Amino acid sequence: MINATARVMEFMPTICQEITDPEGLQNCLALRQEVFVAEQSIPLSLEMDGQDADARHFALKEGDKVIATCRVRRMGIAAKIERMAVQKNYRRQGIGRELMKYVLQQLTGPGDIKLLKLSSQADAVPFYEQLNFKKRGPEYMDAGIPHYDMTREL
């Protein structure tokens, strides 16, 4: 006889938000360092590129914990989505998609942004294609990792 026990998993509520306070930004930067520097061996000098002060930062939080983050920089009539990172044990659960949908909603309202851009790691291309981004140009190496430029017109 199999003893089947029902496991009830409790999930903390999640919230997507723009990060505007210094502590929230530090939490986003810490997650980026965990993902890009510790996991992917990207040099800290490349990850911390001096562009954060000129960017909008977004996070998906579970309770007070940042579990996904990205930044967005304006480039004329375009907005470039960068540094998309999801904490390792939350990947492949729709967390990245939830954050991206929120960010896209924030960027596609009334305004002068006509084009969204990003640089996708090659293995993440299908994720962005599901969000209506299209590859532009050939594969190239960035920080030792294959990438593609991708865009989405508004």
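Our structure's up above, just so we're on the same page.
Residues numbered from 1 in each chain as written. Predicted model: local features only at pLDDT ≥ 70, side-chain atom pairs only at ≥ 80, totals over all residues. Heavy atoms only, no water.

Colleague: Before we move on, could you go through helix H3 (residues 95–107) and cite the residues and values that matter?
Modeller: A turn of α-helix holds 3.6 residues, and therefore any two residues three or four places apart point the same way. Given a rise of 1.5 Å per residue, 13 residues ought to cover 18 Å, and the 19 Å separating the end C-alpha atoms of H3 matches this to within 8%. Those residues of H3 that fall on the buried side of the exposure criterion are Ile95, Gly96, Leu99, Met100, Val103, Leu104 and Leu107. Along the long axis of H3, the arc covered by the buried residues comes to 160°, so they all point the same way. (Helix = DSSP H or I, 4+ residues; strand = E, 2+ residues; numbered from the N terminus. Expected span 1.5 Å × (residues − 1). Buried < 20%, exposed > 50% of the residue type's maximum accessible area, 1.4 Å probe, protein only. Arc of directions from axis to C-beta.)

Colleague: Kindly report on the nonpolar core, identifying the contributing residues and their values.
Modeller: By size, the foremost hydrophobic cluster in this structure holds 27 residues, and its most contacted members are Ile81, Leu99, Met100, Val103, Leu107 and Phe133. When residues of this core are traced back to their parent elements, those giving at least two are strand S2 (56–62), strand S3 (65–75), strand S4 (78–86), H3, strand S5 (115–121), helix H4 (125–129) and strand S7 (145–153). The element best represented in this core is H3, accounting for six residues. Aside from chain neighbours lying at most four places away, what touches Ile81 is Cys70, Arg71, Val72, Met100, Val103, Leu104, Leu107, Lys117, Leu118, Ser119 and Phe133. (Core = buried A, V, L, I, M, F, W, Y, C linked by side-chain atoms within 4.5 Å. Contact = heavy atoms within 4.5 Å.)

Colleague: How would you explain the pattern of salt bridges if you had to name every residue and give the values?
Modeller: Summed over all chains, the structure comprises 12 salt bridges. Measuring nitrogen to oxygen at the nearest pair gives 2.7 Å for the salt bridge that ties Arg71 to Asp49. A residue pair is termed long-range when its members are at least 10 positions apart, and Arg71 in strand S3 and Asp49 in the loop between helix H2 (44–47) and S2 qualify at 22 residues. Here Arg71 and Asp52 are joined by a salt bridge, their closest N and O atoms 2.9 Å apart. Taken together, the positions of Arg71 in strand S3 and Asp52 in the loop between H2 and S2 put the pair 19 residues apart, joining distant regions of the chain. Note on Arg71: relative accessible area 0%, which makes it buried. (Salt bridge = Lys/Arg side-chain N within 4 Å of Asp/Glu carboxyl O.)

Colleague: Describe the sheet that holds S3, with residues and values.
Modeller: Spatial ordering of the open sheet is given by S1-S2-S3-S4-S5-S7-S6, a layout of seven strands whose pairing is mixed. The outermost strands of the open sheet, each flanked by one partner alone, are strand S1 (14–19) and strand S6 (134–142). Recorded for the sheet is a direction-independent mean angle of 20° between the axes of neighbouring strands. Helix-sheet contacts for helix H1 (residues 22–39) involve S1, S2, S3, S4 and S5, and the interaxial angle to S3 is about 95°. (Pairing = 2+ DSSP bridges. Axes fitted to C-alpha atoms, helices over the stretch in contact; angles between N-to-C directions.)

Colleague: Could you give an account of the environment of Arg92, with specific residues and numbers?
Modeller: Assignment of secondary structure puts Arg92 in the loop between S4 and H3. Distance from Arg92 to Thr20, taken between C-alpha atoms, is 27 Å for residues 72 residues apart in sequence.

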